[in-house]
Amino acid sequence: MTFPMWAQAGFWGLVSGSALLLGAAAGYFLRVPQRLIAAIMAFGSGVLIATLSLELMEEAYHKGGFMATALGFLGGAAAFTLANWLLARHGAKHRKRSGEHQQQERTAVQQGHTEASGGGDDNSLALAIGALLDGIPESIVIGLSMLAGGGVSVVAVVAIFLSNLPEGLSSASGMRKAGRPARYVLLLWAGIALISGLASLAGYTVFSHFSNEVVAATMAVSAGAVLAMIADTMIPEAFAVAHNFTGFITVLGFLVSFFLSKME
């Protein structure tokens, strides 16, 4: 039995998004060494960078030409940067951090709200929106890659799965140290995993009716947003712990993705 392409897009988006929940559960209930989390994050960064370069941007260029690709790429990066800056001001700057940063940030937000309104509050909503901001462009990539190749890109699914795993690990570990209950953490990441599947489905179904130029620009928007996310959040967190080994581990991730793309 062959499933329709839209169902396959949603399924593979859910598979890649499930790494968020798996990582969150491991990060919350297990004492995963921060160096291991950082190494996985650096490796996932390299895999994602290779996937964006070798598959998404290349396909966008062939479909829509340089101008549509360039405008989409810069637009995606600019949109992510602006949204990330706004979220950072509301307590989600360290959403991928596994150390004490989230606890410090939550305390600062609570104090700020107390001084402003006389009541307590925290950065829960900002953290949730930040996680969506990181995850949705990645998931849309899967649906768009299926438009390009007529089938799922194993490299894209592996790359996004590997990038989601350390994100869930690191963020949930930081949430636990910030005093957030397990139910909150697991429901948050389960919801985002589900939305990842829906975003992948939307990436395939919504844009399947548009022209090559629109699809190319959308691919480039997703690529720009993901690359900005890698540079702003993933690599800095990896370097903060792994230090001088970050570059080498990232290169290893890039090489693995390159190898998989050639095998595919």
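Residues numbered from 1 in each chain as written. Predicted model: local features only at pLDDT ≥ 70, side-chain atom pairs only at ≥ 80, totals over all residues. Heavy atoms only, no water.

1. Remarks on the side chain of Ser45
Here comes step 1: As for its placement among the helices and strands, Ser45 is situated in helix α2 (residues 34-89).
Here comes step 2: Assessed through its relative accessible area of 0%, Ser45 is described here as buried.
Here comes step 3: When neighbours within four sequence positions are excluded, Ser45 is seen to be in contact with Ile230, Met234, Ile235 and Thr250. (Helix = DSSP H or I, 4+ residues; strand = E, 2+ residues; numbered from the N terminus. Buried < 20%, exposed > 50% of the residue type's maximum accessible area, 1.4 Å probe, protein only. Contact = heavy atoms within 4.5 Å.)

2. Topic: the UniProt feature "transmembrane region" (unreviewed entry) in the protein
Here comes step 1: Residues given the UniProt feature "transmembrane region" (unreviewed entry) here are residues 6-29, 36-54, 66-87, 140-162, 182-207, 214-235 and 241-260.
Here comes step 2: The distance from the first to the last C-alpha atom of residues 36-54 is 27 Å, and the span holds 100% helix and 0% strand. (UniProt positions renumbered as here; feature names shortened; annotations may be inferred.)

3. Thoughts on the nonpolar core
Here comes step 1: Core analysis: the biggest nonpolar cluster contains 31 residues, and Leu48 and Ile230 have the highest contact counts within it.
Here comes step 2: Elements with a contribution of two residues or more to this core: α2, α4 (124-149), α5 (154-177) and α7 (212-242).
Here comes step 3: Top element by residues in this core is α7. It accounts for eleven residues.
Here comes step 4: Apart from the residues within four sequence positions on either side, Leu48 is in contact with Glu138, Ala159, Ile160, Ser163, Val226, Ile230 and Met234.
Here comes step 5: Among the nonpolar cores identified, the runner-up in size contains nine residues, and Tyr28, Ala172, Leu188 and Trp189 belong to it. (Core = buried A, V, L, I, M, F, W, Y, C linked by side-chain atoms within 4.5 Å.)

4. Description of the packing of α5 against helix α6 (residues 182-205)
Here comes step 1: Two numbers describe how α5 lies on α6: the axes approach to 10 Å, and their chain directions differ by 155°. In this view, α5 runs roughly antiparallel relative to α6, as classed from their interaxial angle. Note that α5 runs across α6; the crossing there is right-handed. Residue-level contacts link Glu167, Ser171, Ala172 and Met175 of α5 to Tyr184, Val185, Leu188 and Trp189 of α6. (Axes fitted to C-alpha atoms, helices over the stretch in contact; angles between N-to-C directions. Parallel < 35°, antiparallel > 145°, perpendicular 65-115°, else oblique. Left-handed = near helix turned anticlockwise from the far one by under 90°.)

5. Considerations on helix α1 (residues 5-29)
Here comes step 1: With 25 residues, α1 ought to run about 36 Å at 1.5 Å a step, and its terminal C-alpha atoms sit 36 Å apart, in line with that.
Here comes step 2: Remark: the principal bend of α1, roughly 25°, maps to Ser16.
Here comes step 3: Restricting attention to buried positions, one finds in α1 the residues Ala9, Gly10, Gly13, Ser16, Gly17, Ala19, Leu20, Gly23, Ala24, Gly27 and Tyr28. (Expected span 1.5 Å × (residues − 1). Bend = angle between axes of the 7 residues up to and from the residue.)

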